[in-house]
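# Inside the fold
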Amino acid sequence: MPKKVRTTQWRKQRRKEYLEKKEYRYYIFCEGEQTEPLYFEGFKRIIEDNPIYRDMVLIEIEPCAAETMRVIGMAERYVRKNGIDRGQIWCVYDKDSFPAKDFNGVTERVDKLNFENPELQYHAAWSNECIEFWFILHFAYYTSNNHRSEYVKFLNDKFRELAIGKYQKNMKDIFNILMEKGNPKLAIRYAKRIIEENKEKTPSDIAPGTKVYELVEELARYLPEG
């Protein structure tokens, strides 16, 4: 038994040393357990498969199964527990039906945390009202403040039009679909435009709106051209 413990400790130390060599570090905490993690796993796969970035870029994706303020709370605990002192911490979460105070509270907490350590920066990649709005922007400039069920209906219609079946949450190939059938560059442009037109408003008042594009822009730096 003692030998097994030493082996486990050695492996943990080796992993820690390996991670510390990474120059660029992204820790992504997702409100959802599958939809958002599956989407960002697409970026992770491509980046880690590229020998140029394999030993340079670290991407850790943590499903939280928690909402708004609990997501950033879990991120903070993870940072403390693992002794993380540099990198980017991204909180990906939806408005859904949660109180505006909690939804806006994440961005307020992010601003406060970012004063404490310039080497460790937190980011709020929110969607109002859900991640499906970000998906929609890959196909259209959509500004109607509808219930999330309407966003799912839009995606269903678009997917059928493209002969790729019905949109479902937790689709394992959602990243490939959006990259190949949609237009990520247009999605970023549309999302930026909406934020710019509502820049004096709080996140809960920008409906619909999303800042997921900021994380996508960051990760897209490591993707092949085009």
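Notes on the structure in this doc start here. None of the values given here were measured: they were computed from a predicted structure. (Residues numbered from 1 in each chain as written. Predicted model: local features only at pLDDT ≥ 70, side-chain atom pairs only at ≥ 80, totals over all residues. Heavy atoms only, no water.)

Looking only at helices and strands, the chain features nine helices and five strands. Each helix and strand of the chain, ordered N terminal to C terminal, gives the series α-β-α-β-α-β-α-β-α-α-α-α-β-α. Taken against the 2.2 N^0.38 rule, which gives 17 Å for 226 residues, the C-alpha radius of gyration of the chain at 18 Å falls within 12% of a compact globule. Dimensions of the chain along its principal axes, counting C-alpha atoms only, are 60 × 40 × 35 Å. The 226 residues of the chain split such that 48% are buried. Partitioning the contacts of the chain with sequence separation of at least 6, the portion at a separation of at least 24 is 73%. (Helix = DSSP H or I, 4+ residues; strand = E, 2+ residues; numbered from the N terminus. Rg over C-alpha atoms; globule rule 2.2 N^0.38 Å. Buried < 20%, exposed > 50% of the residue type's maximum accessible area, 1.4 Å probe, protein only. Contact = heavy atoms within 4.5 Å.)

Looking now at the environment of Y142. Within the element layout of this structure, Y142 appears in the loop between α5 (131-136) and α6 (148-161). With relative accessibility at 12%, the residue Y142 sits in the buried group. Along the chain, Y142 and G209 lie 67 residues apart, while their C-alpha atoms are 9.5 Å from each other. If we skip the residues at most four places from it in the chain, Y142 touches F133, I136, L137, E150, Y151, F154, I194 and P208. Separated by 2.6 Å, the side chains of Y142 and N146 make a polar contact. (Polar contact = N/O pair within 3.5 Å; in protein donor to acceptor, adjacent residues only side chain to side chain.)

Our next topic: the packing of aromatic side chains. In total, this model carries 21 aromatic pairs according to the counting rule given. A centroid spacing of 5.5 Å and a plane angle of 70° characterise the contact between Y93 and F103, whose relative ring orientation is edge-to-face. Remark: F103 occurs in helix α4 (residues 100-113) and Y93 occurs in strand β3 (residues 87-94); sequence separation between them is 10 residues. Overall, F103 belongs to the buried group, its relative accessible area being 0%. (Phe/Tyr/Trp six-rings, centres within 6.5 Å; stacked < 30°, edge-to-face > 60°.)

Backbone-to-backbone hydrogen bonds join strands into a sheet, with any given pair of strands oriented parallel or antiparallel. Strand order across the open sheet formed by five strands is β2-β1-β3-β4-β5, with mixed pairing between neighbours. Every other strand in the sheet has two partners, leaving β2 (57-63) and β5 (209-210) as the edge strands with one partner each. Examined bridge by bridge, strand β4 (residues 120-128) and β5 share two bridges and lie antiparallel to one another. Residue pairing in the sheet places S127 in a bridge with T210 of β5. On the sheet, helix α2 (residues 35-49) packs against β1 (24-30), β2 and β3 and is oriented at approximately 165° with respect to β2. Lying over the sheet, helix α3 (residues 68-81) contacts β1, β2, β3 and β4, oriented at roughly 155° with respect to β3. (Pairing = 2+ DSSP bridges. Axes fitted to C-alpha atoms, helices over the stretch in contact; angles between N-to-C directions.)

With the exception of glycine, the majority of residues adopt a negative phi angle, and the majority of peptide bonds are in the trans configuration. In this structure, E129 follows N128 across a cis peptide bond, with omega equal to 15°. Relative to the helices and strands, E129 resides in the loop between β4 and α5. Residue P208 follows A207 across a cis peptide bond; omega there is 0°. Along the chain, the position of P208 falls in the loop between α8 (184-197) and β5.

Once that is clear, we can look at the packing of α8 against helix α9 (residues 212-220). One can describe the packing of α8 onto α9 by two numbers: an axis separation of 9 Å at closest approach and a directional angle of 140°. Relative to α9, the element α8 is oriented oblique. For the crossing formed where α8 meets α9, the hand is left-handed. Residues I188, A191, K192 and I195 of α8 form the contact with α9, whose own contacting residues are Y213, V216 and E217. When grouped by side-chain class, the residues that make up the contact of α8 with α9 number five nonpolar, no polar and two charged. (Parallel < 35°, antiparallel > 145°, perpendicular 65-115°, else oblique. Left-handed = near helix turned anticlockwise from the far one by under 90°. Nonpolar A, V, L, I, M, F, W, Y, C, P; charged D, E, K, R; others polar.)

Burial runs high along β2: five of the seven residues are buried. What joins β1 to β2 is α2, and the crossover it makes is right-handed. (Right-handed = clockwise from strand over helix to strand, strands pointing away.)

Here the focus is the pattern of salt bridges. Here the structure, examined in full by the defined rule, presents 14 salt bridges. Where E48 meets K44, a salt bridge forms, and the shortest distance between an N and an O atom there is 2.7 Å. Taken together, the residues E48 and K44, both in helix α2 and four residues apart, mark about one turn of the helix. Assessed through its relative accessible area of 30%, E48 is described here as partly exposed. K44 gets classed as buried once you look at its relative accessible area, which sits at 16%. In this structure, the salt-bridge partner of E132 is K169, at a minimum N-O distance of 2.9 Å. Residue E132 is located in helix α5, and its partner K169 is located in the loop between α6 and α7 (174-181); the two are separated by 37 residues in the primary sequence. (Salt bridge = Lys/Arg side-chain N within 4 Å of Asp/Glu carboxyl O.)

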